[in-house]
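# Commentary on secondary and tertiary structure
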Amino acid sequence: MIITGGTISSRLDPKTGGVISTDAEEILKIAPELKNICNIVTIQKPFMKWSENMSFLDWKKLAESTHELLLDKNIDGIIITHGTDFLHYTSAALSFYLQNLNKPIALTYSQRSIDRASTDAHLNLICAAKYATSDIAEVALVGHSNLEDNSCHAFTATKVRKMHTSRRDAFQAINDTPIAKITKDKIEILKDFRAKSDRKQKLDT
């Protein structure tokens, strides 16, 4: 898991009424079911930023961190937590930086801070974990597929955009079909995908 900041890494600050950053342990507590889906062997924080403050230098650093982790034979996939505003830019950048990808990468988010009862982080993290342990070797943005708290879509990294400021299903596929629909129980494949393999991954930043 790679944590980069954003609402999914924040909680309410009662002194200011705004939100402040939290730690990795609090993120994992929001979805204890993760331990039944995957074994998170390492957690990295290359930086902590609101996504609208990221630049190409941050995308380069994130790509380098991700590439290094994917070279580890004990790691089957990556979950990246991220702010929503520029998340679709990051997902697209990673899809170009990480060429010949041979393992799944799931970028996910939360529209509401993790200390709120209405947070969408819980389902998004579970669905991201199911994607990261799948046979789909593509960079995908994983998040709610509708306003209900029952399923997520895995969107192709270069074919997705944030379309709403507060809805759980803020992201939509643009001129495309999502790769998959994911629930707590299964992954339903919606189109052809690149499968995991032993091909040699290349980093080009």
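One structure accompanies this document, and this report is about it. (Residues numbered from 1 in each chain as written. Predicted model: local features only at pLDDT ≥ 70, side-chain atom pairs only at ≥ 80, totals over all residues. Heavy atoms only, no water.)

### Section: the sheet that holds strand S7 (residues 139-144)
As summarised here, the arrangement of the seven strands in space is S1-S4-S6-S7-S8-S11-S12, forming an open sheet in which the pairing is mixed. Strands at the two margins of the open sheet, each flanked by one partner only, are strand S1 (2-3) and strand S12 (187-189). Of the pairings in the sheet, the one linking strand S11 (residues 180-182) to S12 comprises three bridges and is antiparallel in character. Bridge pairing links isoleucine 182 to isoleucine 187 in S12. In the packing of helix H3 (residues 56-70) onto the sheet, contacts are made with S1, strand S4 (78-81) and strand S6 (105-108), and the angle to S4 comes to roughly 155 degrees. (Pairing = 2+ DSSP bridges. Helix = DSSP H or I, 4+ residues; strand = E, 2+ residues; numbered from the N terminus. Contact = heavy atoms within 4.5 Å. Axes fitted to C-alpha atoms, helices over the stretch in contact; angles between N-to-C directions.)

### Thoughts on the side chain of glutamine 111
Here glutamine 111 lies in the loop between S6 and helix H5 (121-132). Judged by its relative accessible area of 14%, glutamine 111 falls in the buried class. Among the polar contacts made by the side chain of glutamine 111, one reaches the main-chain carbonyl oxygen of arginine 167 at a distance of 2.9 Å. Aside from chain neighbours lying at most four places away, what touches glutamine 111 is Thr7, Thr84, Asp120, Lys162, His164, Thr165, Ser166, Arg167, Arg168 and Ala170. (Buried < 20%, exposed > 50% of the residue type's maximum accessible area, 1.4 Å probe, protein only. Polar contact = N/O pair within 3.5 Å; in protein donor to acceptor, adjacent residues only side chain to side chain.)

### Notes on the nonpolar core
Ranked by size, the top nonpolar core spans 28 residues in total, and within it Leu125, Tyr131, Val142, Ala154, Ile179 and Ile182 carry the most contacts. Those elements that place two or more of their residues in this core are H5, S7, strand S8 (152-156) and S11. Per element, the largest residue contribution to this core is nine residues, and it comes from H5. Look past the residues within four positions of tyrosine 131 in its chain and what remains in contact with it is Pro104, Ile105, Ala106, Ile136, Glu138, Val139, Ala140, Val142, Ala154, Ile179, Ile182 and Ile187. In terms of nonpolar packing, the next biggest core, distinct from the first, is built from 27 residues, Ile2, Ile78, Leu98 and Leu101 among them. (Core = buried A, V, L, I, M, F, W, Y, C linked by side-chain atoms within 4.5 Å.)

### Some remarks on the packing of aromatic side chains
On inspection of all chains with the given rule, the structure shows two aromatic pairs. Taking the centre distance of 5.1 Å and the plane angle of 45 degrees together, the rings of phenylalanine 86 and tyrosine 89 count as tilted. You can call tyrosine 89 partly exposed: its relative accessible area is 43%. Aromatic side chains tyrosine 109 and phenylalanine 171 sit 4.9 Å apart centroid to centroid with 55 degrees between the ring planes, which places their arrangement in the tilted category. On the criterion of sequence distance, the pair formed by tyrosine 109 in the loop between S6 and H5 and phenylalanine 171 in strand S10 (residues 171-173) is long-range, its members being 62 residues apart. Classification of tyrosine 109 as buried rests on a relative accessible area of 0%. Among the residues examined, phenylalanine 171 registers a relative accessible area of 0% and is labelled buried. (Phe/Tyr/Trp six-rings, centres within 6.5 Å; stacked < 30°, edge-to-face > 60°.)

### Here's the deal with the layout of surface pockets
To find leftover empty space, one rolls a probe the size of a water molecule over the atoms. The computed volume of the largest pocket comes to approximately 270 Å³. For the largest pocket, the lining is made up of 16 residues, of which Cys38, Asn39, Ile40, Asp76 and Gly77 are closest to its centre. Elements with a contribution of two residues or more to the lining of the largest pocket: S4 and H5. Considered class by class, the residues forming the lining of the largest pocket number ten nonpolar, five polar and one charged. (1 Å grid on protein atoms, 1.4 Å probe; cavity = no way out; pocket = protein on both sides within 12 Å on 5 of 7 lines; lining within 4 Å. Points joined across faces, edges and corners; volume = space filled by probe spheres on them. Nonpolar A, V, L, I, M, F, W, Y, C, P; charged D, E, K, R; others polar.)

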